[in-house]
Every structure is written in C-alpha cells, then in structure tokens.
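Reading the structure
Take a look at the letters that make up each chain.
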Amino acid sequence: MSSSEKTGNLHLSKWLGSDVPERLDFVADNVLIDAAVTSHRNNDDIHVTAVDKMKWNAPYYIDTYMGNGAASRTVTLTSGFDPSWGIIFPVNRVMGKTDFSNEAHYNYFGFISTEGSTTGVDIDGRTLTVTQSAIPVSGNEYRNYNENGVTYIYILFR
C-alpha cells in the first residue's frame with residue numbers, strides 16, 4: 001500500500017508504519033520536488049538576477065589620470081562595465097576657482113552621464129573624454145579637466 005498521508009505543502013508521501021512504500025511513490029515525490037524547486041528558482045520576483053548581483057557587488061569604479069594639458073583627450077576605462085554616470089574632480093585642488101580681476105571662473109568638478117554631462121566631460125561606453133579650455137566655454141567659464149600636472153579622480157557608477 002502506498003502512503004496513507006501526504007505532507008502539508010508539497011503533498012509528498014508521508015508513510016505510516018503500516019504503509020508499504022512503492023516505487024511510484026518515490027517517482028511522484030521526485031516530480032513534485034523538481035517542479036517546486038524549478039518554480040522557485042525561476043521566480044524573478046523573489047530572486048535577484050546575475051546583473052543585479054553584479055551591480056550590488058561592484059556598483060562603482062574609482063580611478064585617476066594625470067592631466068596632460070591637451071585641449072581634449074580620451075581616457076580608456078578599465079571599469080569592466082559601461083558606466084551610466086559619475087563625477088570627476090581634482091586631487092588636492094578646489095573644485096572651482098574664480099579670478100575676479102579677469103572675471104573668469106575655472107571649473108574642475110563635473111558630472112558625467114550617458115544622458116548628458118557637464119560641459120567639458122563626456123562618457124561613451126568605456127571611454128571618458130575630458131577637455132581643457134584655453135578660452136571660455138560659456139561666458140567667462142573655463143573647463144579644466146585636463147590641466148597639465150593635475151591628478152583627477154573619477155568615480156563611475158553602473
């Protein structure tokens with residue numbers, strides 16, 4: 001005789017001492033277990049995808065480059081991912097300085113985004129483009145993201 005009782009959730013065989021297990025009981029139980037485990041594993045509402053795990057485990061990347069004074073230069077990113085946004089700023093420098101006598105402002109801080117960035121910085125896949133303006137970019141604003149000898153830090157996010 002097969003099992004007299006079943007478990008509450010998966011309805012697996014729950015034999016009493018007087019029951020005689022049959023091979024079909026084990027096969028049926030294995031089918032139920034396989035279906036339950038497969039359903040659980042494939043449920044994206046309760047499980048995190050591999051992409052989400054990667055974002056959680058390494059959500060950002062930090063690196064530096066040394067400015068070389070060129071009007072424009074590209075920095076190849078070794079982040080291992082295509083960033084969606086980030087920030088850039090100089091090491092041991094102010095984020096911006098104003099020269100009141102010349103009515104000029106020199107900006108060293110910027111936001112980087114695939115949707116649009118601060119004038120003077122741009123990101124495309126794994127390439128960061130930075131500029132150093134010799135003349136004002138807008139009004140009396142200068143963009144200084146590649147000043148010769150200045151080290152810049154950039155923090156990129158997935």
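Before going into details, it helps to say that this report is about the structure given with it. What you see is a predicted model, and the numbers here were worked out from it, not measured in a lab.

Rules behind the numbers
- Residues numbered from 1 in each chain as written.
- Predicted model: local features only at pLDDT ≥ 70, side-chain atom pairs only at ≥ 80, totals over all residues.
- Heavy atoms only, no water.
- Salt bridge = Lys/Arg side-chain N within 4 Å of Asp/Glu carboxyl O.
- Helix = DSSP H or I, 4+ residues; strand = E, 2+ residues; numbered from the N terminus.
- Buried < 20%, exposed > 50% of the residue type's maximum accessible area, 1.4 Å probe, protein only.
- Pairing = 2+ DSSP bridges.
- Axes fitted to C-alpha atoms, helices over the stretch in contact; angles between N-to-C directions.
- Polar contact = N/O pair within 3.5 Å; in protein donor to acceptor, adjacent residues only side chain to side chain.
- Contact = heavy atoms within 4.5 Å.

Observations regarding the pattern of salt bridges
Counted according to the given criterion, the structure contains three salt bridges. Note that D82 is salt-bridged to R126, the shortest N-O span being 3.0 Å. Of this pair, D82 sits in the loop between β4 (72-76) and β5 (85-90) while R126 sits in the loop between β9 (121-124) and β10 (127-131), placing them 44 residues apart in sequence. When its relative accessible area of 38% is taken as the criterion, R126 is described as partly exposed. A salt bridge links E147 to R93; the shortest N-O distance between them is 2.9 Å. Of the two residues, E147 sits in the loop between β11 (141-143) and β12 (151-157) while R93 sits in the loop between β5 and β6 (96-99), which places them 54 residues apart along the sequence.

A word on the sheet that holds β6
Pairing in this open sheet of three strands is mixed, and the strands run β6-β7-β11 from one edge to the other. Both outer strands of the open sheet, β6 and β11, are each paired with one neighbouring strand and no more. For this sheet, the mean inter-axis angle between neighbouring strands, taken without regard to orientation, is 20°. Where β6 meets strand β7 (residues 104-107), four bridges bridge the pair, whose relative direction is antiparallel. Across the sheet, residue G96 finds its bridge partner in β7, namely N107.

Quick notes on unusual backbone geometry
Trans peptide bonds make up the majority, and among non-glycine residues the majority have a negative phi. You will see that H11, though not glycine, has its phi angle at about 60°, which is positive. Mapped onto the elements, H11 comes out in the loop between β1 (5-6) and β2 (13-14). The partly exposed category is assigned to H11, whose relative accessible area is 48%. Notably, E103 is not glycine yet its phi reads approximately 50°, a positive angle. With respect to the helices and strands, E103 occurs in the loop between β6 and β7.

Re the side chain of E147
Here the side chain of E147 touches R93 through a polar contact of 2.9 Å, side chain to side chain. Within polar-contact distance, the side chain of E147 engages the side chain of Y108 at 2.6 Å. When sequence neighbours within four positions are dropped, the list of residues in contact with E147 reads G67, N68, G69, R93, Y108, Q132 and Y152.

Focus on the sheet that holds β5
Spatial strand order, β3-β12-β5-β8: four strands in an open sheet with antiparallel pairing. The open sheet has two free edges, formed respectively by β3 (60-66) and β8 (110-113), since each of these has just one partner strand. Pairs of neighbouring strands in the sheet enclose a mean axial angle of 20°, with direction left out of account. Pairing analysis gives seven bridges linking β3 to β12, with the strands arranged antiparallel. Paired with Y65 across the bridge in β12 is Y152.

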